[in-house]
Amino acid sequence: MFSSLIVWMDFVGTVAFAISGAMVAARKNMDIFGVNMLAVLTATGGGMIRDIIIGRTPPVMFLNPSYVLIAVLTANILFLVLYSRKSLPLSQRVGEQLLFWFDTLGLAAFTVDGVFAGVQAQHGDKLFLIAFLGVMTGVGGGALRDIFADEMPQIFVKHVYAVASVAGAVVTGLFWRITAEENIAVAAGALTVIALRYEAVRHHWNLPRLR
Amino acid sequence: MFSSLIVWMDFVGTVAFAISGAMVAARKNMDIFGVNMLAVLTATGGGMIRDIIIGRTPPVMFLNPSYVLIAVLTANILFLVLYSRKSLPLSQRVGEQLLFWFDTLGLAAFTVDGVFAGVQAQHGDKLFLIAFLGVMTGVGGGALRDIFADEMPQIFVKHVYAVASVAGAVVTGLFWRITAEENIAVAAGALTVIALRYEAVRHHWNLPRLR
Amino acid sequence: MFSSLIVWMDFVGTVAFAISGAMVAARKNMDIFGVNMLAVLTATGGGMIRDIIIGRTPPVMFLNPSYVLIAVLTANILFLVLYSRKSLPLSQRVGEQLLFWFDTLGLAAFTVDGVFAGVQAQHGDKLFLIAFLGVMTGVGGGALRDIFADEMPQIFVKHVYAVASVAGAVVTGLFWRITAEENIAVAAGALTVIALRYEAVRHHWNLPRLR
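Keep in mind it's a predicted model, so treat the numbers as computed, not measured. (Residues numbered from 1 in each chain as written. Chains lettered and ligands numbered in written order. Predicted model: local features only at pLDDT ≥ 70, side-chain atom pairs only at ≥ 80, totals over all residues. Heavy atoms only, no water.)

A. The arrangement of the pattern of salt bridges in detail. One pass over the structure, following the stated rule, counts 24 salt bridges over all chains. Two residues, Arg27(C) and Glu151(C), come together in a salt bridge whose shortest N-O distance is 2.9 Å. Of this pair, Arg27(C) sits in helix α1 (residues 2-27) while Glu151(C) sits in the loop between α6 (127-148) and α7 (159-179); the two residues are 124 residues apart in sequence, bridging distant segments of the chain. Assessed through its relative accessible area of 18%, Glu151(C) is described here as buried. One salt bridge connects Arg56(C) with Asp51(C), and the closest N-O pair in it is separated by 2.8 Å. With relative accessibility at 0%, the residue Asp51(C) sits in the buried group. Where salt bridges share partners, they join Arg27(A), Lys28(A) and Glu151(A) into one cluster. (Salt bridge = Lys/Arg side-chain N within 4 Å of Asp/Glu carboxyl O. Helix = DSSP H or I, 4+ residues; strand = E, 2+ residues; numbered from the N terminus. Buried < 20%, exposed > 50% of the residue type's maximum accessible area, 1.4 Å probe, protein only.)

Right under this line is the structure:
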């Protein structure tokens, strides 16, 4: 049950990350081609970095193009809607809520995915490595998006985002090592990400900074 | 005949990409060392990313330093000319025309090269992968150049550039799979890139954007 | 004796590079989490790129977390001191001197390390490759730091920095190939980096630039 849940969360995450890439590209006044490229980069970049780090070459995004196709479809539908109506067929508040939930589910799915990519590559006994892989898969696409859009990566500012991914990755790795039950580890890790993101936004959590 | 043509196009592309890297570095007020580093990065970065993606490590640029040497020579000759004369020994119009043709031949050569690097790595049956490798080899160096110069990558703006590379890569891959004739695939792919770039500039083609 | 010296220099370099990452993050108004992430990226990023280039996956920073731990400890101590006192418990002049020496020892250690990582991966006979690996290990972390902080990499501007790394890497590689004595090669390469940096700062050396 949970592994099919993860497939659905991956789908939702790919759509959400493609939307966030396309939105940044539109804000930067890129044309439809740039919108597609940034959507694909945001949706697949984290997994690509992860695969290069564990030596799984070519990365899975090149062998199974379905995630690239989902990102391209998403970017073009969004572009067409914005191009023809000049606005989304949703109130802004509902749109932001939807994007928050898509993005949060995507972060949870990609973080958990990254941990299990490490487990499948026979690194299940290296908690530090697999947690890092989870975080890179979760936040890497967004970091590449911002670097290519010539902005400071939001993961350094939107702090609870990366913290939620770190916590979820560690929880996933720990539960996997203790229970050896994939379903339990997936559920615990994903719920950690979701709960932290939800609570952080609801309570306006902030980490200290110097100035 | 065609494979020696490709070697010449690679040479021309390396020179063109080194020039574009050196020009950006000079505009950013880097010193002669920065000019050299950005020229090398622009000329060899796309192939380096491609090799890492297909797991060909160390990348060929480290094993055969001739392309780095060509880039360094180009950058220093350009630097010396600009430093001593404060201008190029060409009218600006001729200079821009030359750079356009160098850059276009380079894009064509690098795109086709990338596709065949995938074929040589036994991925000839994966059209999606080899087309992606062609595009990355063609536009990756320029993207790295802009990221290191702290600018938004021109490939997201100068759209017909990346579109020409995508079309050329797909044509190369398709002709290779259909005819299994390297010469035909190389010629068809390279001509696609060149024709698209030439027509796009001549007719001021533009892709839609939101604002 | 020298290999234990290198371990100490690596330690010093990790601390110095973590400090420089944390300082840039603080200047960019990142919170404590961003400060940690940028410190880790600066301290370990060069070695990560090097390992990916020679196909040593997963990179050693993921298998031996001690350098990540040193970087995290350094970043948090610095953050706490700055947070509680709003100033360092040193005069600014002494602080800058200390940072210069830390940074220079770190550059020397990482450059020499990179060369020997190439030697260990059976590439000792390829001088061009191992010199490149040394430079990437030495300056790669700082380049990633600046790219993630949305600034132009200092290695393109602070020129004697990268030049010192290139010279040190070539000297290390040459001495290794001529003498086959690791201690001699390490000492010669590290001293080259340190001497060049010291002399360049003392005499305000500058390379030519166009404007």
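From this point, the discussion proceeds with the structure in view.
B. Main features of the UniProt feature "transmembrane region" (unreviewed entry) in chain A. According to UniProt, the feature "transmembrane region" (unreviewed entry) maps to residues 6-26, 33-54, 66-86, 98-121, 127-148 and 160-178 of chain A in the numbering used here. Here residues 127-148 of chain A is 100% helix and 0% strand, with 31 Å between the C-alpha atoms at its ends. (UniProt positions renumbered as here; feature names shortened; annotations may be inferred.)

C. Spotlight on the interface of chain C and chain A. Taken together, the contact pairs 30 residues of chain C with 28 residues of chain A. For the chain C and chain A pair, buried surface summed over both sides reaches about 2,600 Å², with 74% attributable to carbon and sulfur atoms. Linking chain C to chain A there are 1 salt bridge. We note a salt bridge from Arg209(A) to Asp31(C), for which the minimum N-O separation is 3.8 Å. For the interface between chain C and chain A, the tally reads 2 residue pairs in polar contact (both at pLDDT 80 or more). Mapped by element, the contributors of at least two residues to the side of chain C that touches chain A are α1, α2 (32-53), α3 (60-63), α4 (66-85) and α6 of chain C. (Contact = heavy atoms within 4.5 Å. Buried area = accessible area lost by both parts, 1.4 Å probe. Polar contact = N/O pair within 3.5 Å; in protein donor to acceptor, adjacent residues only side chain to side chain.)

D. Highlighting the UniProt feature "domain: Glycine transporter" (unreviewed entry) in chain A. Feature annotation in UniProt places "domain: Glycine transporter" (unreviewed entry) on residues 8-81 and 101-176 of chain A, given in this structure's numbering. Here residues 8-81 of chain A runs as 84% helix and 0% strand, with 24 Å between its end C-alpha atoms.

E. Region of the structure containing the interface of chain B and chain A. At the interface, 28 residues of chain B touch 30 residues of chain A. If you sort the residues of chain B by the area they bury against chain A, Phe128(B), Phe156(B) and Leu210(B) come out on top, with a joint share of 29%. Joining chain B to chain A, the criterion identifies 1 salt bridge. Secondary structure elements with two or more residues in the side of chain B that touches chain A: α2 (32-53), α6 (127-148) and α7 (159-179) of chain B.

F. Representation of the packing of aromatic side chains. Applying the stated criterion across every chain, the model contains 24 aromatic pairs over all chains. Seen from their ring centres, Phe132(A) and Phe62(C) are 5.0 Å apart, and the 80 degrees between their planes marks the pair as edge-to-face. Separated into two different chains, Phe132(A) in helix α6 (residues 127-148) and Phe62(C) in helix α3 make up a pair that spans both. Between Phe116(B) and Trp176(B), the aromatic rings sit 5.5 Å apart at their centres with planes inclined by 80 degrees, giving edge-to-face as the arrangement. With Phe116(B) in helix α5 (residues 92-123) and Trp176(B) in helix α7, the pair connects residues that are 60 residues apart, well separated along the chain. Its relative accessible area of 21% is what places Trp176(B) among the partly exposed residues. (Phe/Tyr/Trp six-rings, centres within 6.5 Å; stacked < 30°, edge-to-face > 60°.)

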